[in-house]
Amino acid sequence: MTRKKILTALRVAIAVITLAAVVYAVVHNWADVSVHLDKISWTTFVWSTLAAALGTWLTMIGWKTLLRDLGSDLHLAPASGVYFVGQLGKYLPGSLWSVLVQADIASHLKVPRRRTAVTGLLALGLALLTGLLVGLPAASFLLTSSSAGFDWWLLLGIPILVVLCVPKLLNAVIDKMLRTIKREPLEHGLSAGAVLRAVVIFILVWVAFGVHTLLLARAVAGDASPHPDLTTAAMTGYALSVSLGMLTIVLPAGLGAREGLLTLILSTAMPTPAAAAVAIMSRFIVTIVDVVAALGGWLYARSHHLISERHAAAESDVSV
């Protein structure tokens, strides 16, 4: 058996074990978890959904910012059609399906496939890096299994993340990647201004999703005095759990891994069943937002003949 096959087998095994553990934990503690779900009012549900929707919309804006800097300035409507329909691909095992779908759809708008693909990969990379940056305080909770305070040594990771966002380095990586797959280089590289704007936008994405999580966490905590670290755990825990979940490429949209990590982080500031309830409701809300956004993008794409019948059928299968 080759090394590649062994690594693939290990990834699949880890993914299956992680997902099975999360499912078992939820089923085993469902009686306790369901009690906490009942504490989330419709008002909280709506505001939390709006915060998640804002985060999702900002993600598209960050992607659009990068695509414009590389040479394709799509208007908001077609950009939404390309991005949100493609995002359904993340619900398939693997991390690149959304990039491939977006490249295919954008080609109908005369956007070179390699440009859209590079933009998609850059957006994923910057989202991951900024998520790890915003999630540094949550990493402290996760590593110590307690909320004893923020480990300031984690700030040493900031220079590393900053270096990885330097335009010159990013452009070198892009050129190397394109040469490796024997594709023509991009017409021009990323500018420092575009990278800075994209980084700021992606940080705002994580802030929006942090508010989404905090609203749920405070509702589940109820009338009791909230733990002093609940705000930090909720505001940064979502960013870290999703970012680490992105690395589990076998799991669709980090299913299971995200919920497990978020539960572990929040459980430092609230009972574990309550933390699990927040993680489950968060996944439910974010999935609804993704589907609604994709539906709007799909309607636009179909009405403007950006996707074929074959492509529409494939997207329908993904959404199911």
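Located above this text is the structure these notes cover.
Bear in mind that the values here come from a model prediction, so they are computed numbers and not experimental data.

Rules and cut-offs
- Residues numbered from 1 in each chain as written.
- Predicted model: local features only at pLDDT ≥ 70, side-chain atom pairs only at ≥ 80, totals over all residues.
- Heavy atoms only, no water.
- Helix = DSSP H or I, 4+ residues; strand = E, 2+ residues; numbered from the N terminus.
- Buried < 20%, exposed > 50% of the residue type's maximum accessible area, 1.4 Å probe, protein only.
- Contact = heavy atoms within 4.5 Å.
- Areas by Shrake-Rupley, 256 points an atom, 1.4 Å probe, with all protein chains shown as cover.
- Axes fitted to C-alpha atoms, helices over the stretch in contact; angles between N-to-C directions.
- Parallel < 35°, antiparallel > 145°, perpendicular 65-115°, else oblique.
- Left-handed = near helix turned anticlockwise from the far one by under 90°.
- Nonpolar A, V, L, I, M, F, W, Y, C, P; charged D, E, K, R; others polar.
- Salt bridge = Lys/Arg side-chain N within 4 Å of Asp/Glu carboxyl O.
- Expected span 1.5 Å × (residues − 1).
- Arc of directions from axis to C-beta.
- Polar contact = N/O pair within 3.5 Å; in protein donor to acceptor, adjacent residues only side chain to side chain.
- Patch = residues over 30% accessible without salt bridge, like charges linked within 9 Å, V, L, I, M, F, W, Y side chains within 5 Å.
- Core = buried A, V, L, I, M, F, W, Y, C linked by side-chain atoms within 4.5 Å.
- Phe/Tyr/Trp six-rings, centres within 6.5 Å; stacked < 30°, edge-to-face > 60°.

## Details of the overall build of the protein
Regarding its fold elements, the protein presents 14 helices and zero strands. Secondary structure of the protein in N-to-C order comes out as α-α-α-α-α-α-α-α-α-α-α-α-α-α. Buried positions account for 47% of the 320 residues belonging to the protein. Put simply, 74% of the contacts in the protein that link residues at least 6 apart link residues at least 24 apart. Here the protein has roughly 15,700 Å² of accessible surface; of this, 71% comes from carbon and sulfur atoms.

## Observations regarding the packing of helix α11 (residues 230-246) against helix α12 (residues 257-266)
Across the interface, α11 lies against α12 with an axial gap of 8 Å and an inter-helix angle of 150 degrees. As judged from the angle between their axes, α11 and α12 are roughly antiparallel. Where α11 crosses over α12, the two elements pack in a sense that is right-handed. Residues Ala233, Ala234, Gly237, Tyr238, Leu240, Ser241, Val242, Leu244 and Gly245 of α11 pack against Ala257, Arg258, Leu261, Leu262, Ile265 and Leu266 of α12. Looking at side-chain class alone, the contact of α11 with α12 contains 11 nonpolar, three polar and one charged residues.

## Let's talk about α12
Burial runs high along α12: eight of the 10 residues are buried. Of all the positions in α12, only Ala257, Arg258, Glu259, Leu261, Leu262, Thr263, Ile265 and Leu266 are classed as buried.

## Considerations on the pattern of salt bridges
Per the counting criterion, the structure on display carries three salt bridges. A salt bridge links Asp73 to Lys64; the nearest nitrogen and oxygen atoms lie 3.8 Å apart. A salt bridge links Asp104 to Arg113; the shortest N-O distance between them is 3.1 Å. Since its relative accessible area comes to 46%, Arg113 is described here as partly exposed.

## A short note on helix α9 (residues 167-180)
Its 14 residues place the ends of α9 20 Å apart at the C-alpha level, agreeing with the 20 Å of an ideal helix rising 1.5 Å per residue. By the burial criterion, the buried members of α9 are Pro167, Leu170, Asn171, Ile174 and Leu178. Viewed along the axis of α9, the buried residues span an arc of 100 degrees, placing them on a single side of the element. In α9, the exposed positions angled more than 90 degrees off the buried face are occupied by Lys168, Arg179 and Thr180.

## A closer look at the packing of helix α3 (residues 42-69) against helix α6 (residues 113-134)
Packed helices, taken two at a time, are described by the angle their axes make and the gap between the axes. One can describe the packing of α3 onto α6 by two numbers: an axis separation of 9 Å at closest approach and a directional angle of 135 degrees. As the angle between them shows, α3 and α6 are arranged oblique. Handedness of the α3/α6 crossing: right-handed. Taken together, the residues of α6 that come into contact with α3 (itself represented by Trp63, Leu66 and Leu67) are Arg115, Thr116, Thr119, Gly120, Leu122, Ala123 and Leu126.

## Looking at the side chain of Thr65
With respect to the helices and strands, Thr65 occurs in helix α3. Within the local environment of Thr65, its side chain forms a polar contact with the backbone oxygen of Ile61, the two atoms lying 2.8 Å apart. The residues touching Thr65, leaving out its near neighbours within four places in the chain, are Ala194, Arg197, Ala198 and Ile201.

## Some thoughts on a nonpolar patch on the surface
Side chains of Val46, Trp47, Leu50, Val207, Val211 and Leu215 sit close together on the surface and give an oily, nonpolar patch of about 510 Å² of accessible area. Among the secondary structure elements, Leu215 is positioned in helix α10 (residues 192-221).

## What to know about unusual backbone geometry
Phi at Lys110 is positive, roughly 65 degrees, even though this residue is not glycine. The topology assignment puts Lys110 in the loop between α5 (97-106) and α6.

## Comments concerning the nonpolar core
In this structure, Trp63, Leu122, Leu190, Leu266 and Met270 are the most contacted members of the largest nonpolar core, which totals 70 residues. Sorting elements by how many residues they give to this core places α10 first, with 13 residues. Not counting residues up to four positions away in its chain, the partners in contact with Leu266 are Thr213, Ala233, Ala234, Ala275 and Val278.

## Regarding the packing of aromatic side chains
A complete count under the given rule lists six aromatic pairs for this structure. Ring centres of Trp63 and Tyr83 lie 5.4 Å apart, and the angle between their planes is 45 degrees; this geometry places the pair in the tilted category. Here Tyr83 lies in helix α4 (residues 76-87) and Trp63 lies in helix α3, a separation of 20 residues in the sequence. The exposure class assigned to Tyr83 is buried, which follows from its relative accessible area of 5%.

What is shown is where atoms sit, not what they do.
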